[in-house]
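Structure assessment
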Amino acid sequence: MATLPGGIQGLDPEALSPEQLEQLRGFKIQTRITNEKYLRTHKEVELLISGFFREMFLKRPDNIQEFAADYFTDPRLPNKIHMQLIKEKKVA
């Protein structure tokens, strides 16, 4: 075990065999591919995140956690995202 900053014990990457490292590399690649496919088929994720960042940079709240909680629990948010999806489909 390697000691990470803050005294946290983490895995020692040198403890893995070459075969295990290759399996880990393959797993990481497959995970990235799977995540990319998911994001490409769920445009609403991009709209949620980009909308949040847009509002955050425009309003520059002092308490980002409270702002995020308010943003993502806004009861109007699902309808906003739905309307944006419809608008983008009409443009495409």
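Everything discussed here concerns the structure shown above.
Residues numbered from 1 in each chain as written. Predicted model: local features only at pLDDT ≥ 70, side-chain atom pairs only at ≥ 80, totals over all residues. Heavy atoms only, no water.

1. Section: the pattern of salt bridges
Going through the model one piece at a time under the given rule, you end up with seven salt bridges. Here Glu88 makes a salt bridge to Lys43, at a shortest N to O gap of 3.8 Å. Taken together, the positions of Glu88 in helix α4 (residues 77-91) and Lys43 in helix α2 (residues 43-59) put the pair 45 residues apart, joining distant regions of the chain. Residue Glu88 is classed as partly exposed on the basis of its relative accessible area, which comes to 34%. The salt bridge involving Asp74 is made with Arg76; its shortest N-O contact spans 3.0 Å. In this structure Arg76 comes out as exposed when scored by relative accessible area, which is 55%. In this structure, a network of salt bridges that share partners links the residues Lys43, Glu46 and Glu88. (Salt bridge = Lys/Arg side-chain N within 4 Å of Asp/Glu carboxyl O. Helix = DSSP H or I, 4+ residues; strand = E, 2+ residues; numbered from the N terminus. Buried < 20%, exposed > 50% of the residue type's maximum accessible area, 1.4 Å probe, protein only.)

2. So, the nonpolar core
Inside soluble globular proteins, nonpolar side chains tend to come together where they are buried. Counting residues in each nonpolar core, the largest one holds eight residues, listed as Leu47, Phe52, Met56, Phe67, Ala68, Tyr71, Leu77 and Ile81. Listed by contribution, the elements that provide at least two residues to this core are α2, α3 (64-72) and α4. If we skip the residues at most four places from it in the chain, Leu47 touches Ile81, Gln84, Leu85 and Glu88. (Core = buried A, V, L, I, M, F, W, Y, C linked by side-chain atoms within 4.5 Å. Contact = heavy atoms within 4.5 Å.)

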